[in-house]
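Topology and contacts: notes
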Amino acid sequence: PQLQGGDGVDLSRSLALLRWKDEGTWKEIGSSVTQKVEELKVAELVKVAGAFSVASQPDTEMLNAMMERVKTASCKLKSWSWGDFIVSLQRAAVKPDKELLKAAADAMLRDSDFLKKMKTPYIMGFVLAINTASFYHQGVLQLLSEVLADRIDSLTPRELSKVALTWGQASCK
């Protein structure tokens, strides 16, 4: 039977929590979500992407369809949702394009209070994504640098070096 409405969201999140590994099930959910990508709310798409990420089940076709939908409705996501979505893309080896990163950066600037509460791995995921895409948004880099400066004691040496590399490359632009 075909999944209805938000069933794909609930099912994918439940299976991710159970660490369900059957690839056929994940492919079926991914196919259903891909077909319904225009019908689902953007927040639901982010939740599905996160569930696939947690379960280590990459579905590039579904994620690419989601990226296009998320770009068109970017104002509906909070900073943490952007962080979650970008990390989900990275875990599936799907590279966000500059247009998606710009939408995320603009949303983060509008939602700076949430950005300050964003988990460090999500911030690092965004930093890595902008570095990989050679996309530099000075306003977001400034805000992220302030947030990370407040957390400097909790960052690992690897995270610190990635941040330093990104900021160094951004300052050369």
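Structural notes, computed from the coordinates.

With respect to the overall build of the protein
Along its length, the protein carries 10 helices and zero strands. A compact globule built from 173 residues would reach a C-alpha radius of gyration of about 16 Å, and the protein, at 16 Å, matches this within 12%. Reported as C-alpha extents along the three principal axes, the dimensions of the protein are approximately 55 × 30 × 25 Å. Going through the 173 residues of the protein one by one, you find that 49% of them count as buried. Partitioning the intrachain contacts of the protein with sequence separation of at least 6 by distance along the chain shows that 75% fall at a separation of at least 24. By element, 53% of the accessible surface of the protein is carried by carbon and sulfur atoms, the whole surface being about 9100 Å². Across the protein, the 23 positively charged side chains and the 21 negatively charged ones have centroids separated by 4 Å.

A closer look at helix 1 (residues 7-17)
For helix 1, the full list of buried residues reads G8, V9, S12, L15 and A16. Down the axis of helix 1, the sector holding all buried residues measures 145 degrees, keeping them to one side. Exposed positions of helix 1 whose direction lies more than 90 degrees from the buried face are D10 and L17.

Re the packing of helix 3 (residues 42-54) against helix 4 (residues 60-72)
Running from N to C, helix 3 and helix 4 point in directions that differ by 150 degrees, and their axes come no closer than 10 Å. By the angle between their axes, helix 3 is roughly antiparallel relative to helix 4. Every pair of crossing elements has a handedness; the one defined by helix 3 and helix 4 is left-handed. Contact residues: V42, L45, V48, A49 and F52 in helix 3; M62, L63, M66, R69 and V70 in helix 4. The residue inventory of the contact of helix 3 with helix 4, partitioned by class, reads nine nonpolar, no polar and one charged.

Describing helix 9 (residues 138-150)
Over its 13 residues, helix 9 runs 19 Å from end to end, which matches the ideal 18 Å to within 8%, given 1.5 Å per residue. By the burial criterion, the buried members of helix 9 are V140, L141, L143, L144, V147 and L148. Considered in projection along helix 9, the buried side chains sweep an arc of 165 degrees and stay on one side of the axis. Facing away from the buried side of helix 9 by more than 90 degrees, the exposed set consists of Q138 and D150.

Here is what the cut-offs are and how they apply
Residues numbered from 1 in each chain as written. Predicted model: local features only at pLDDT ≥ 70, side-chain atom pairs only at ≥ 80, totals over all residues. Heavy atoms only, no water. Helix = DSSP H or I, 4+ residues; strand = E, 2+ residues; numbered from the N terminus. Rg over C-alpha atoms; globule rule 2.2 N^0.38 Å. Buried < 20%, exposed > 50% of the residue type's maximum accessible area, 1.4 Å probe, protein only. Contact = heavy atoms within 4.5 Å. Areas by Shrake-Rupley, 256 points an atom, 1.4 Å probe, with all protein chains shown as cover. Lys, Arg positive; Asp, Glu negative; His and termini not counted. Charge placed at Lys NZ, Arg CZ, Asp CG, Glu CD. Arc of directions from axis to C-beta. Axes fitted to C-alpha atoms, helices over the stretch in contact; angles between N-to-C directions. Parallel < 35°, antiparallel > 145°, perpendicular 65-115°, else oblique. Left-handed = near helix turned anticlockwise from the far one by under 90°. Nonpolar A, V, L, I, M, F, W, Y, C, P; charged D, E, K, R; others polar. Expected span 1.5 Å × (residues − 1).

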